[in-house]
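Secondary and tertiary structure notes
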Amino acid sequence: MNNPPQRVEHQLTDKGYVPVYTTGVVEQPWSSYSEADHAVWAQLFARQQQLLVGRASDEFIVAQRAMAMSAQRIPKFDELNPILRAATGWELVGVEGLLPELTFFDHLAHRRFPVTWWIRTPEQMDYLSEPDLFHDLFGHVPLLMNPVFADYMQAYGRGGVKAHGIGPEALVNLTRLYWYTAEFGLIRQADGLRIYGSGIVSSKGESIHCLESAAPNRIGFGLERIMRTRYRIDTYQKTYFVIDSFEQLFDATLPDFTPIYKKLALQDSVAAGAVLDTDAVFNRGSGEGWLADGDV
Ligand SMILES: [Fe+2]
C-alpha cells in the first residue's frame, strides 16, 4: 500500500529555519482536504481576484479565465490537466514540498509543473515561507496556458539542467532570472504596468506594493542585469523588472547562456536595491522601509 502524501515543510533547528527537500511525485489526495482547507482556498481566491482587477496582466486574466479553476473548492489536478495539455502540452504533477534544483528543472524541461498538494493554514493567510498549493496553482499555473510563456518556462528548465552541470555560480545567475520574472515580474501594457509574477499574484500585500508603492525601483528588463542582481526572500522586493512582452522574455533567453555566465563571473553582483546608470528606470525607488542587509 502506498503511504499517503506528506506535508513537507521547513524545520526549525538551532540554526533557525532550514528548508527541507523532497523529490517524489504524488497523487493529489483530494478527498483528504478538510473543509478548512477548501475555505482557505476560497478566501484567498476571492481576495486575490478582487485585487488583481486592473493589476494583473491581460495575459494572466485571459489564461485564468480559460483555465476556469473552481473558486469555492480546491481544484482537482486531474480536471485541470486536460485543459492545460490541450492548450500548451503542459501538465501539473503533485509534490510534497520544495524540490531539489535539478529535479525541479527536469520537470520544467519536460513541461511538467510541480504543484505542492497541501495548502497553508488559516493562520498563514498572509504569509508563509515556502510555496503551497495556493501559490503554485493560483500563481504559477494559469500562465502555462499562454503558449509563449509556456515555452519560456520549458526553456528555463532546460537552461537549469545545463547550468546545474556548469556549476554553482551559473545556477545563482539563472535562479535570479526565475526570481525576477516567473516569481516577481512586471509587464508593461498600453495602459500601464501590470503583474505577471506568481510570487506577486499570490500575495495580497505585494500585489499592491509592487505597483503602487513609491519604495521599490521599477526597471526595464535586462537579462545580464537581472542575472547579476541579488534579491530578497524575507521582504517585498526592492526592485521589480519590467518586460514589454512575453516574446521579449522568450527571445532574450533563447541564446546559450554559457558565455554570459563566464562574463558575469568576472563582475560583482548588484545589490537588490541598486539603480545603475545603464538602467531604463520607470521608477527610482524612495527606499522607504528597506532593510540594509539580507539580500541573497
Ligand atoms: Fe513560485
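Everything that follows concerns the structure shown earlier in this document.
Now for a look at the structure at hand. All values reported here derive from a predicted model rather than from experimental measurement.

1. Some words on the overall build of the protein chain
Helices and strands together make up the secondary structure of the protein chain, namely twelve helices and ten strands. Principal-axis analysis of the C-alpha atoms gives the protein chain an extent of 55 × 45 × 40 Å. Nonlocal contacts in the protein chain, meaning residues at least 24 apart in sequence, comprise 69% of its contacts between residues at least 6 apart.

2. Remarks on the pairing of strand β7 (residues 192-195)
Of the strand pairs in this sheet, strand β6 (residues 186-189) and β7 are connected by four bridges, and their pairing is antiparallel. Across the sheet, the residue bridging to Ile187 is Arg194, located in β7. Counted between consecutive antiparallel strands, the loop separating β6 from β7 contains two residues.

3. Quick look at the sheet that holds strand β3 (residues 25-26)
Read from one edge to the other, the open sheet built from three strands follows the order β3-β4-β5, with strand pairing classed as mixed. The two strands at the open ends of the sheet, each matched to only one other strand, are β3 and β5 (112-116). Looking at chain direction, strand β4 (residues 91-95) and β5 are connected through five bridges and run parallel. Each bridged residue has a counterpart across the sheet, and for Val93 the counterpart in β5 is Pro114. Contacts between helix α3 (residues 77-88) and the sheet are confined to β4 and β5, with β4 contributing the most and set at about 150° to the helix.

4. Observations concerning unusual backbone geometry
Not every positive phi belongs to a glycine, and Ala68 is a case in point at roughly 55°. Checked against the element boundaries, Ala68 lands in the loop between α2 (58-67) and α3. One non-glycine residue with positive phi stands out, namely Arg111, at about 55°. Note on placement: Arg111 falls in the loop between α4 (101-109) and β5.

5. Some details on the pairing of strand β8 (residues 217-220)
Here β8 shows a buried face lined by Asn217 and Ile219 and an unburied face lined by Arg218 and Gly220. For β8 and strand β9 (residues 239-243), the ladder comprises four bridges, and the chain directions are parallel. Within β9, the residue paired with Asn217 across the bridge is Thr239. For the crossover that starts at β8, traverses helix α10 (residues 223-228) and ends in the parallel β9, the hand is right-handed.

6. Description of the packing of helix α6 (residues 147-166) against helix α7 (residues 168-183)
At a minimum axis distance of 8 Å, the contact between α6 and α7 shows a crossing angle of 160°. It follows that α6 is roughly antiparallel to α7 by the angle criterion. Crossing handedness for the pair α6 and α7: left-handed. Contact residues: Met153, Tyr156, Gly159, Gly160, Ala163, His164 and Ile166 in α6; Ala170, Leu171, Leu174, Tyr178 and Ala182 in α7. For the contact of α6 with α7, the class distribution of residues is nine nonpolar, three polar and no charged.

7. A word on the sheet that holds strand β10 (residues 281-283)
The pairing of strands in a sheet happens through backbone hydrogen bonds and is either parallel or antiparallel. With mixed pairing, the five strands of this open sheet are ordered in space as β7-β6-β9-β8-β10. Strand pairing shows two members of the sheet lacking a second neighbour, β7 and β10, which therefore form its edges. Adjacent strand axes in the sheet meet at a mean angle of 35° when their direction is disregarded. Both β8 and β10 contribute to a ladder of two bridges, which runs antiparallel. Following the sheet pairing, Arg218 is matched in β10 by Asn283.

8. Let's talk about the environment of Glu288
In this structure, Glu288 sits in the segment after β10. Sequence separation between Glu288 and Ile119 is 169 residues; the distance between their C-alpha atoms is 32 Å. Excluding anything up to four places from it in sequence, Glu288 contacts Ala214 and Ala215.

Scoring rules and cut-offs
- Residues numbered from 1 in each chain as written.
- Predicted model: local features only at pLDDT ≥ 70, side-chain atom pairs only at ≥ 80, totals over all residues.
- Helix = DSSP H or I, 4+ residues; strand = E, 2+ residues; numbered from the N terminus.
- Contact = placed C-beta atoms within 7 Å.
- Pairing = 2+ DSSP bridges.
- Axes fitted to C-alpha atoms, helices over the stretch in contact; angles between N-to-C directions.
- Buried ≥ 20, exposed ≤ 12 C-beta atoms within 10 Å, placed from the backbone.
- Right-handed = clockwise from strand over helix to strand, strands pointing away.
- Parallel < 35°, antiparallel > 145°, perpendicular 65-115°, else oblique.
- Left-handed = near helix turned anticlockwise from the far one by under 90°.
- Nonpolar A, V, L, I, M, F, W, Y, C, P; charged D, E, K, R; others polar.

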